[in-house]
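# Descriptive analysis of the structure
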Amino acid sequence: MLDVVVIGLRLAQYGGAVVLLGTPLFLLYGLRATDALAQTWPKRPLVAACAVVAAASAAGLIAQTSVMAGSITEGLKPASLGFMITGTTLGPAFFLRAGVALAAMGFVLMSRPSRRQWMVLVVAGLVVSASFAWTGHGAATEGPGHYPHLIGAILHSWAAALWLGALAALLIMVARHRPGDALSDRVLHEALQGFSGVGTVAVAVLVLSGLVNSWFMVGIDQIGGLVTTPYGWLLLAKLGLFGVMLALAASNRFHLTPEMAVALGDPDDLRVAVSRLKRSLALETLVALALLAVVAVMGTLAPVSAMDMGM
């Protein structure tokens, strides 16, 4: 039962982290400065993301301590929590995530929306996202491969957050959009175009860093483990979900976004185009959540490359 709780809290932290990093970054590059500042929706999801990361990190610290101590009762003892924070690498990471998220939430609540606010949130998101890598499989490799694997894992986390955080922002914008307002129509179309180029970069980084990570987590010698181990099965599932997201993203970029551009002058056609885009983005978001859930489970399993240890 505790293992399921740990996985659920990992998923919550991932979800909050991608919004904390990817959404303010999208506001900086995906929209004109004046259009971004005119948006009324960002504050709530950004505050919610900070709150989720802070709460899930604090709860995750207790849950992980309980798993290591053997029970929730033991995990709640000050001595157990103290050892987790001072005697392991996991504890400080949970503590750091919660602290950074709380500080970011306070900053959002006390400041007005601005490019400076979003840049501060991007920095907070970079730290939070990187912390998953330096306490996960990416930091476990020893020897000459330690830093290449760790850097690859961090870049993978950042690229995923860039893509998924922007996806969340676009879905909110599309859901709130009411076709017919020329200014609103233009802003939405430019937002979609603004993400296209950066999204391509994110996918490229995800693929390259994923190959680096797979070299260390699977390896050529153990590639058969992809079909014989739970980690391998989940990795294949992750790749399948990633492929579905790529197909949906390609449809959005090369079909639905141009369709919207053509329909800008006709409210009826635009309404149909936006409805199709909304469905596509909603489906892509659901697939993204499934992918994050798979990653949350993978983080609790031994990688394929560990099969030869003690066997």
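In what follows, the structure referred to is the one given above.
Residues numbered from 1 in each chain as written. Predicted model: local features only at pLDDT ≥ 70, side-chain atom pairs only at ≥ 80, totals over all residues. Heavy atoms only, no water.

### A look at the overall build of the chain
Summing up its helical and strand segments, the chain has 11 helices and 0 strands in all. Listed by position from the N terminus, the elements making up the chain come as α-α-α-α-α-α-α-α-α-α-α. Taken over the C-alpha trace, the chain has a radius of gyration of 21 Å; the compact-globule value for 311 residues is 19 Å, and the two agree within 12%. With the C-alpha coordinates of the chain rotated into their principal frame, the extents come out at 65 × 45 × 35 Å. Within the chain, contacts between residues separated by at least 24 positions form 78% of all contacts whose residues are at least 6 apart in sequence. (Helix = DSSP H or I, 4+ residues; strand = E, 2+ residues; numbered from the N terminus. Rg over C-alpha atoms; globule rule 2.2 N^0.38 Å. Contact = heavy atoms within 4.5 Å.)

### Brief notes about the side chain of Ser209
With respect to the element layout, Ser209 can be found in helix H9 (residues 182-217). For Ser209, a relative accessible area of 4% puts it in the buried group. Engagement of the side chain of Ser209 in a polar contact is seen with the backbone oxygen of Leu206, the distance being 3.4 Å. Aside from chain neighbours lying at most four places away, what touches Ser209 is Gly152, Leu155 and His156. (Buried < 20%, exposed > 50% of the residue type's maximum accessible area, 1.4 Å probe, protein only. Polar contact = N/O pair within 3.5 Å; in protein donor to acceptor, adjacent residues only side chain to side chain.)

### Description of the packing of aromatic side chains
Under the criterion given, the structure shown has 3 aromatic pairs. Centre to centre, the rings of Tyr14 and Phe132 are 4.8 Å apart; their planes meet at 80°, and the pair counts as edge-to-face. Highlighted residues: Tyr14 in helix H1 (residues 2-29) and Phe132 in helix H7 (residues 115-134), separated in sequence by 118 residues. Neither Tyr14 nor Phe132 differs from the other in exposure class; each is buried. Ring plane angle 85° and centroid distance 5.8 Å describe the contact between Phe26 and Tyr29, whose orientation is recorded as edge-to-face. Note that Phe26 and Tyr29 are positioned in helix H1 at a spacing of 3 residues, about one turn of the helix. (Phe/Tyr/Trp six-rings, centres within 6.5 Å; stacked < 30°, edge-to-face > 60°.)

### What about a nonpolar patch on the surface?
Together, Leu96, Val123, Val127 and Trp134 make up an exposed nonpolar region whose accessible area comes to about 300 Å². The biggest single contributor to the nonpolar patch is H7, with 3 residues. Looking at the element boundaries, Trp134 is found in helix H7. (Patch = residues over 30% accessible without salt bridge, like charges linked within 9 Å, V, L, I, M, F, W, Y side chains within 5 Å. Areas by Shrake-Rupley, 256 points an atom, 1.4 Å probe, with all protein chains shown as cover. Salt bridge = Lys/Arg side-chain N within 4 Å of Asp/Glu carboxyl O.)

### So, the pattern of salt bridges
Inspection of every chain in the model, using the stated rule, returns 6 salt bridges. As a salt-bridge pair, Asp35 and Arg186 come within 3.1 Å of each other at their nearest N and O atoms. Of the two residues, Asp35 sits in helix H2 (residues 33-38) while Arg186 sits in helix H9, which places them 151 residues apart along the sequence. Arg186 is the partner of Glu190 in a salt bridge, and the nearest nitrogen-oxygen pair spans 2.9 Å. Here Glu190 and its partner Arg186 are both found in helix H9, 4 residues apart, which amounts to about one turn of the helix. Look at Arg186 and you get partly exposed, because its relative accessible area is 24%. Salt bridges sharing partners connect three or more residues here, namely Arg32, Asp35, Arg186 and Glu190.

### A look at the side chain of Asn213
Tracing the sequence through the fold places Asn213 in helix H9. When its relative accessible area of 13% is taken as the criterion, Asn213 is described as buried. Here the side chain of Asn213 touches Ala153 through a polar contact of 3.3 Å, landing on its backbone nitrogen. Once you skip the residues sitting within four places of it in the chain, Asn213 turns out to touch His149, Gly152, Ala153 and His156.

### A few points about the environment of Val128
Of note, Val128 is situated in helix H7. Val128 sits in the buried class, given a relative accessible area of 0%. Considering only alpha carbons, one finds Val128 and Val100, 28 residues apart in sequence, at a separation of 7.3 Å. When residues no more than four places from it in sequence are discounted, the contact partners of Val128 are Ala17, Leu20, Val53, Arg97 and Val100.

### Re the environment of Trp41
Relative to the elements of secondary structure, Trp41 occurs in the loop between H2 and helix H3 (43-69). Judged by relative accessible area, Trp41 falls into the buried class, the value being 6%. Placed 183 residues apart in sequence, Trp41 and Gly224 show a C-alpha to C-alpha distance of 48 Å. A polar contact of 3.0 Å, which involves the side chain of Trp41, links it to the side chain of Gln39.

Function-wise, these values are silent; they only describe arrangement.
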